[in-house]
Amino acid sequence: MASNNAEIAHEFFPQFPMFRVYKDGRIERLHQTETVPPSNDPLTGVQSKDITSPESPCPSARLFLPRITNPTAKIPLLIYIHGGAFCIGSPFSPTYHNYVNSVVDKANVIAVSVQYRKAPEHPLPIAYDDAWEAVKWVASHANGDGPEPWLNDHADFNKMFLAGDSAGANIAHNMTMKSGVHGLTGLRIEGLLLMNPFFMNNEPDKLIDYIFPSSNGCDDPRLNPASAIKELAGLACKRVLVCVSGNDFLRNRGLAYYEAVRKSEWNGVIDMFETPEEGHVFYLSNPSSQKAVDLMNQVSLFLNR
């Protein structure tokens, strides 16, 4: 009898080849993530290094420190969560290393760019769990006695921001919601920055069905916050900025999130910035374009308001 080892059970090509699952359970990844080491950027003066949290089997991160001109001054703290459909991407990739490096330089913030385990090998909600461990690790420095000196010495824990793009924006939203339930001692989330965010609507999503089998799909507020508007009153931050792109296939979902938060009883300020005639996370692939520069200016203003 012929072997079924080569028979494909599932294929996922949402925008590009991502992975195949064979009937014997084997997973073939079709997109490999390149990585680059941390660095001391001679052009910007931004330093970076990699850290690993002992509290979790996964969370590791890349830490970025801008050029320090006043060693005693505290600067805003940014926790950044990368996108990639919960399945690909890394804070150690050239794309995200360069982007977070640029944000740190432009906005003069200290940043923690978070790694999390990827589906399908690690189904959701594992990515949420890993990100929460990373947030708690950052919060452990709020009294100035954590294990990482850059955070102890330079981070202003009264000006902490959560941010992410695409699926990472979804995770950042959920971390802000979770902090409202569980609290973070010594740390106050000032703002939430959502870049071309992924949220579900009422349309079926085969990828989400496969990588998050325990969820209720579009009725799960982790995936579709608009399905539970009253819960959005628990957003544990003062400000939100939603950035969408005019030609992005997720544009309307970002708008729906914006409207849902506005309709909730959340006591904060939410703004939206739209870049016309651009696609999903365009600023990552074309960071020197004028529209990407304009968007970076908006990000910097939000982090320093």
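Heads up: these notes are all about the structure in this document.

## Re helix α1 (residues 94–107)
For α1, with 14 residues, the first-to-last C-alpha span of 20 Å sits near the 20 Å given by 1.5 Å per residue. Looking at α1, one finds that the buried residues are Tyr96, His97, Tyr99, Val100, Asn101, Val103, Val104 and Ala107.

## Here's the deal with the layout of surface pockets
The space that makes up the second largest pocket amounts to roughly 260 Å³. Around the second largest pocket sit 15 residues that line it, and Asn174, Met175, Met177, Lys178 and Arg222 are the ones nearest its centre. For the lining of the second largest pocket, the element with the most residues is helix α4 (residues 167–182), which contributes six residues. Broken down by class, the residue content of the lining of the second largest pocket amounts to nine nonpolar, two polar and four charged.

## Observations regarding the pattern of salt bridges
Enumeration over the complete set of coordinates arrives at 17 salt bridges. For arginine 188, the salt bridge is made with glutamate 190, and the minimal N-O distance between the two is 3.8 Å. For arginine 188, a relative accessible area of 41% gives the class partly exposed. Glutamate 190 sits in the buried class, given a relative accessible area of 8%. Residue arginine 251 pairs with glutamate 274 through a salt bridge whose shortest N-O separation is 2.6 Å. Of this pair, arginine 251 sits in helix α6 (residues 251–263) while glutamate 274 sits in strand β11 (residues 269–275), and the two are 23 residues apart along the sequence. Owing to a relative accessible area of 24%, arginine 251 belongs among the partly exposed residues under this scheme. Connected via shared salt-bridge partners are Arg188, Glu190, Lys238 and Arg239.

## So, the pairing of strand β2 (residues 19–22)
In regular strands, side chains alternate between the two faces of the sheet. Two elements, strand β1 (residues 8–12) and β2, share four bridges in a ladder whose sense is antiparallel. The partner of phenylalanine 12 across the bridge, within β2, is phenylalanine 19. Direction of pairing for β2 relative to strand β3 (residues 27–29): antiparallel, over a ladder of three bridges. Counted as the bridge partner of phenylalanine 19 is arginine 29 from β3. In this structure, the hairpin formed by β2 and β3 is closed by a connection of four residues, where glycine 25 is found at a positive phi of approximately 95°.

## Comments concerning the packing of aromatic side chains
Tallied over the entire structure, the rule returns twelve aromatic pairs. Centroid distance phenylalanine 86 to phenylalanine 198: 6.0 Å. Interplanar angle 85°. Geometry classified as edge-to-face. One end of the pair, phenylalanine 86, is in the loop between β6 (75–81) and α1; the other, phenylalanine 198, is in the loop between β9 (189–195) and α5 (206–211), with 112 residues separating them in the sequence. Considering the side-chain rings of phenylalanine 199 and tyrosine 257, the 4.7 Å spacing of their centres and the 5° angle between planes classify their relative orientation as stacked. Here phenylalanine 199, found in the loop between β9 and α5, pairs with tyrosine 257, found in helix α6; they are 58 residues apart in sequence, far enough to count as distant.

## Overview of the packing of helix α2 (residues 126–139) against α4
Across the interface, α2 lies against α4 with an axial gap of 10 Å and an inter-helix angle of 60°. Relative to α4, α2 is oriented oblique. Handedness of the crossing formed by α2 with α4: right-handed. Contacts between α2 and α4 involve Ala127, Tyr128, Asp129, Ala131, Trp132 and Val135 from the first element and Asn170, Ile171, Asn174, Met175, Lys178, Ser179 and His182 from the second. Grouping the amino acids of the contact of α2 with α4 by side-chain chemistry returns seven nonpolar, four polar and two charged.

## What to know about the side chain of aspartate 205
Checked against the element boundaries, aspartate 205 lands in the loop between β9 and α5. Salt bridges are absent for the buried aspartate 205, whose nearest opposite-charge side chain, arginine 253, sits at 4.6 Å. Setting aside chain neighbours within four positions, we find aspartate 205 in contact with Phe198 and Met200.

Calculation criteria
- Residues numbered from 1 in each chain as written.
- Predicted model: local features only at pLDDT ≥ 70, side-chain atom pairs only at ≥ 80, totals over all residues.
- Heavy atoms only, no water.
- Helix = DSSP H or I, 4+ residues; strand = E, 2+ residues; numbered from the N terminus.
- Expected span 1.5 Å × (residues − 1).
- Buried < 20%, exposed > 50% of the residue type's maximum accessible area, 1.4 Å probe, protein only.
- 1 Å grid on protein atoms, 1.4 Å probe; cavity = no way out; pocket = protein on both sides within 12 Å on 5 of 7 lines; lining within 4 Å.
- Points joined across faces, edges and corners; volume = space filled by probe spheres on them.
- Nonpolar A, V, L, I, M, F, W, Y, C, P; charged D, E, K, R; others polar.
- Salt bridge = Lys/Arg side-chain N within 4 Å of Asp/Glu carboxyl O.
- Pairing = 2+ DSSP bridges.
- Phe/Tyr/Trp six-rings, centres within 6.5 Å; stacked < 30°, edge-to-face > 60°.
- Axes fitted to C-alpha atoms, helices over the stretch in contact; angles between N-to-C directions.
- Parallel < 35°, antiparallel > 145°, perpendicular 65-115°, else oblique.
- Left-handed = near helix turned anticlockwise from the far one by under 90°.
- Contact = heavy atoms within 4.5 Å.
- Lys, Arg positive; Asp, Glu negative; His and termini not counted.

Such coordinate-based values are descriptive only and should not be taken to indicate function.
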